[in-house]
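Structural description and commentary
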Amino acid sequence: MRKVTSAEEFQVSIQSSNLVVAVFKADWCVDCKFMDPFMPEVEQKYEDRLTLVEVDVDQVGDVSQEQNIMGIPSFVAYTDGRELVRFVNKLRKSREEIEDFLNKALDVYSALHNTSERQEN
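Going by the annotation in an unreviewed UniProt entry, the name recorded for the protein is Thioredoxin family protein, with Paenibacillus motobuensis given as the source organism.

Along the chain, Q67 falls in the loop between α4 (63-66) and β4 (74-79). Q67 sits in the buried class, given a relative accessible area of 14%. Not counting residues within four places of it along the chain, the set of residues in contact with Q67 comprises F10, F24, Y78 and R86.

Okay, the nonpolar core next. Residues L19, V21, F75 and L102 are the most contacted members of the largest nonpolar core, which totals 21 residues. Residue assignment for this core shows that the elements contributing at least two residues are β2 (20-25), α3 (39-46), β4, β5 (82-88) and α5 (95-120). It is α5 that provides the largest number of residues to this core, a total of 6 residues. With near-sequence residues (within four places) excluded, L19 lies in contact with R49, L50, T51, A77, Y78, L84, A105, L106 and Y109.

Among the secondary structure elements, M1 is positioned in the segment before β1 (2-4). Take M1: its relative accessible area is 29%, and that puts it in the partly exposed class. A C-alpha to C-alpha distance of 7.3 Å links M1 and E43, two positions 42 residues apart in sequence. Dropping the residues within four chain positions of it, M1 is found in contact with V23, M39, E43, L52, V53 and E54.

Another aspect to go through is helix α1 (residues 7-14). Listed in full, the buried residues belonging to α1 are F10, S13 and I14. Viewed along the axis of α1, the buried residues span an arc of 85°, placing them on a single side of the element. With respect to the buried face of α1, the exposed residues turned more than 90 degrees away are E8 and V12. Where α1 is buried, its residues meet β1, β2, β3 (51-56), α4 and β4.

Moving on, we get to α3. Of all the positions in α3, only M39, V42 and Y46 are classed as buried. Buried positions in α3, seen along its axis, are confined to an arc of 60° and lie on one side of it. Among the exposed residues of α3, those pointing more than 90 degrees away from its buried face are P40 and Q44.

Once that is clear, we can look at the state of the cysteines. Evaluation of the coordinates by the stated rule reveals 1 disulfide. In this model C29 forms its disulfide with C32; the gap between the sulfur atoms is 2.5 Å. In this structure the cystine formed by C29 and C32 twists about its S-S bond by roughly 80°; its chirality is therefore right-handed.

Relative to the helices and strands, K3 resides in strand β1. Once the C-alpha coordinates of K3 and A111 are considered, the two residues, 108 residues apart in sequence, prove to be 28 Å apart. Discounting residues that sit within four places of it in the chain, K3 has contacts with E9 and E54.

Rules of the game
- The numbers attached to residues start from 1 for each chain and follow its sequence in the written order.
- The model is predicted, so local features are restricted to residues of pLDDT at least 70 and side-chain atom pairs to those at 80 or more, both for listing and for counting; the totals for chains, interfaces and linings are taken over all residues.
- As a convention, hydrogens and water are excluded, and side-chain values are obtained from all of the structure's heavy atoms.
- What counts as a helix is a DSSP run of H or I of at least four residues, what counts as a strand is a run of E of at least two, and both are numbered from the N terminus.
- With a 1.4 Å probe rolled over the protein chains alone, any residue whose accessible area is under 20% of its type maximum counts as buried; one over 50% counts as exposed, and the rest are partly exposed.
- Contact criterion: two residues are considered in contact whenever any of their non-hydrogen atoms come within 4.5 Å of each other.
- In this description, a nonpolar core means a group of buried Ala, Val, Leu, Ile, Met, Phe, Trp, Tyr and Cys residues linked to one another through side-chain atoms lying within 4.5 Å.
- The arc under discussion is defined with respect to the helix axis, by the directions toward the C-beta atoms.
- Counting rule for disulfides: a pair of cysteine sulfur atoms within 2.5 Å.

Right, here's the structure in full:
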């Protein structure tokens, strides 16, 4: 997972027309570390459909506040600089919960792009 280490890098990442999911976390966060063993497999499972980026809340300045991240670990899906859907709370997240969220994000992204394509035709 590519690490985003500045507010500028975060803004560039979420401007993609593809689906980008920001994973907000921190080195000191025990519940964030809980995800570390299985996240590489999750990322590999979804790598052809979305991009996961790790956002260290301690390194990106005011991004967490601007994005209304009230607890970590948290997941927020973006495309074209717009938020699509979020999974934000301070609770530990299981692999199943994370995959459910990623599937939901993919559904929202697909619905949005199908609507856009119909409007263009």
